[in-house]
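Examination of the molecular architecture
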Amino acid sequence: MKRLSLGAAFLFLFTLVPFSIFAADSYNLAIPLPLTGQQAKFGEMMKRSYQMAADEINAKDGINKKKLVLSFEDSGAKPETARSIVEKLIDVKKQPIIVGEYTSACAKAVAAVAEERKTPYLVIASADDAITRQNYKYVFRQNAVNAHYGDGVIDFFKQVVKPKTVAILYESSAFGTSGADAMVKDAERLGMKVLLKEKYESGSIDFRPILSKVKAAQPDVLYMVSYVMDASLLMKQIKELRIDVKLFTGGAAGFAIPEFLDNAKDAAEYVITATLWTPQMKYPGAKEYAEKYKAAYKDYPSYHGASAYSAMYVLKDTLERAKDFTPEKILGALKATNLKTAFGPIKFENKEGYQNQNFMDTLVIQIQKGVFETIWPQQHASKKYIYPIPTWRERR
Amino acid sequence: MTSVQIEVLLQTVISGIFLGGLYALLGIGMTLIMGVMKIINLAHGELMMVGMYIAYALFSFFHIDPYLSIFIAAPALFLLGVMLQKFLINPVLTVESILPENQVILTVGIGMVLSNLATIFFTSDYRSTPVEYATKAWYISDFWKGSPIELSISFAWSVSFFFAVLITALLWFFLAKTDMGKSIRATAQDTDAALLMGVNVKKMRIITFGLGAALVGAAGCLFIPIYYLYPDLGGQFTLIAFVITILGGLGSTVGAIVGGLILGLFESLTATYIGMGWAPIGRFVIFIAALIFIPGGIVSLLKKQRFG
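Not measured: the values here are computed from a predicted model.

Cut-off values and rules
Residues numbered from 1 in each chain as written. Chains lettered and ligands numbered in written order. Predicted model: local features only at pLDDT ≥ 70, side-chain atom pairs only at ≥ 80, totals over all residues. Pairing = 2+ DSSP bridges. Helix = DSSP H or I, 4+ residues; strand = E, 2+ residues; numbered from the N terminus. Axes fitted to C-alpha atoms, helices over the stretch in contact; angles between N-to-C directions. pLDDT = per-residue confidence, 0-100. Contact = placed C-beta atoms within 7 Å. Domains from an automatic or database assignment. Nonpolar A, V, L, I, M, F, W, Y, C, P; charged D, E, K, R; others polar. Buried ≥ 20, exposed ≤ 12 C-beta atoms within 10 Å, placed from the backbone.

A separate point is the sheet that holds strand 7 (residues 193-200) of chain A. By way of backbone hydrogen bonds, the strands of a sheet pair with one another, either parallel or antiparallel. Residues and elements named next belong to chain A. Across the sheet, which stays open at both edges, the seven strands sit in the order 7-6-8-9-10-15-16 with mixed pairing between neighbours. A strand with exactly one partner marks an edge of an open sheet, and here the two such strands are strand 7 and strand 16 (371-376). Taking each pair of neighbouring strands and ignoring which way they run, the sheet shows an average axis angle of 25°.

The following block contains the structure:
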């Protein structure tokens, strides 16, 4: 019994000590993010990237000569959990800035809490337009909004492909529908005629019926908004039916991740798609970060990781200018951010109805010889685009 | 009709028949169990998922072609089915309960356990077997240079369809010509009479459940080269098999074959001429229409023709 109470006393001491002794020479930051559930993969990638950046910062001089100590709180991509985590961080731990979360639903919940408690919140990878359109003063977003996601592709259409007609295939959930609607608007602006707009249920087995309709309609461009397995099946069946259009375009998501290449194989060749970031970006530190991540975890990170990684440098920059670890000082410093990071230049602006939104170039990538190559805008290009693309018959 | 329209129609019909052939194999397993056990096996899609994971594992670890893994997956599923029937479903048959059909509820539970086990062992990631011939196809213009229309027939889909037909034919031979097949049919027609004629009904039930599981396991091996795989995929295929079983007439193998083909064709034609988003709705329209207008299923229509 005595030993037990002694042990308990020690345990008690150990849990107390880090807070009381090291608090003075370290910044403690708890980050909410999904580590379980469907979005766990992305949460994991962000966690590694946050930690990687913090280790780099600490290996140099830290922030204001203090160490940055990270801890992570699992929200499981559930808004109500994310909400209570952040309430705890602000009310109990008095953390003066919140960084993190992934899904738009969670980010919205966290944004509301942060605004209410006048604590700055930096959004890393949540794309819903509404998050930075609510006249919130304390919510900042580093990644591009959904509405601007396709900018790069539209620009590429305008400058290079000059298509007159488009056919749109999309999966029937909110994600596919909003993507398809955005494309219809863009097509109007570009003067493209929408020949066909067909939805399908995600998980379908046979796309040949609608694909033969696409073939009969003969559009210049085929635009598809799909999740990854649908994307692979679509391209495989397109190859088999030998549907030739000027360009196959994916609306990000399923077309921009390595699994698409693994499953669609050679049918994926020459497909272009929008994305926010690639390891080939010519931003300072981008390549180093991507290679370091790959060396440690065997795969290249996607923009989610890059954004998380850069967020720690944004935080460092902000705290160094804020001089004070309080919400008000941090708010002012964050607002004045103008930093070049591995994720691109970051500056929070109020325009187009958004508040504290970072506007960035969105990219176009093309699959060339089984690898994602950045092709547009030209200043970021890792390879020249291949256009016009060969017909399926010529490819054999 | 212009040649383009003809091309679209023919390509749609080809797709529909291929899809229907696979659906038929899916439905036969369920209808067989339905006939003998008088219950709907709601773990049917999950059993197919197990078959697909076996094919996937064999492909990724030993590079065994998914089509060859039928010879491993089908016997494995047969054993699994036998076990399930012997140790789970048969005991429940004898238990007094409030619900008359608590075996059906049991199959739902079995399905949940199977899909959760798959999540534990294989995670919930999407899997597929990227075979070499995945996008290989035959083109009409390769055989007939001046063809006014271009049609393609997928190699993988053709092979899957061929195997589906072959397995169905073997099953028909088994049920029609062998003693055991006859005993199974006798059990399906009248359990008490079969019992009186000296058929070991309990054994027949076990074998039938195993056979149904083996058939759907084989269907899984035929699906994986043209589709993909994840632990929760079972539900949608259980539903398809259920619709086919109702459409074909409960317990009728011929009905399941015809029902599968009709459903496949119907889905393809809906996709082309109404919209692919409507395919799931079309499936239920068929389901409800079958319940209202031909409650005995297609097989009842066939019988009327013959004897009427």
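Next comes the rest of the write-up.
Moving on, we get to the confidence of the model for chain A. Chain-level statistics for chain A give a pLDDT mean of 88 and a share of 93% at 70 or above. Note on residues 16-22 of chain A: pLDDT under 50 across the span, and zero contacts to partners over four residues away in sequence or across chains.

Moving on, we come to the domain arrangement of chain A. Residue and element names in this part refer to chain A. For chain A, the assigned domains are domain 1 (20-146 + 282-357) and domain 2 (150-275 + 362-395). On the domain 2 side, the residues contacting the five residues of domain 1 number five residues. Looking at the side of domain 1 that touches domain 2, its residues break down into two nonpolar, one polar and two charged.

The partner chain B presents 25 residues to the 27 residues of chain A that form the contact. Put simply, the parts of the chain that give the side of chain A that touches chain B at least two residues each are strand 7, helix 7 (208-217), helix 8 (228-241) and helix 9 (258-264) of chain A. Of the residues in the side of chain A that touches chain B, the class split is nine nonpolar, five polar and 13 charged.

Residues and elements named next belong to chain B. Here M34 shows up in helix 1 (residues 3-37). Here M34 falls in the buried class, since 27 other C-beta atoms lie within 10 Å of it. Placed 154 residues apart in sequence, M34 and A188 show a C-alpha to C-alpha distance of 8.6 Å. Apart from residues no more than four positions distant in its own chain, M34 is found in contact with I40, T245, L250 and G251.

This paragraph deals with the environment of A:W392. Residues and elements named next belong to chain A. Tracing the backbone through its elements, the reader meets W392 in helix 13 (residues 392-395). C-alpha of W392 to C-alpha of V245: the two residues are 147 residues apart in sequence and 9.9 Å apart in space. In contact with W392, other than residues within four places in its own chain, are K239, R242 and D244.

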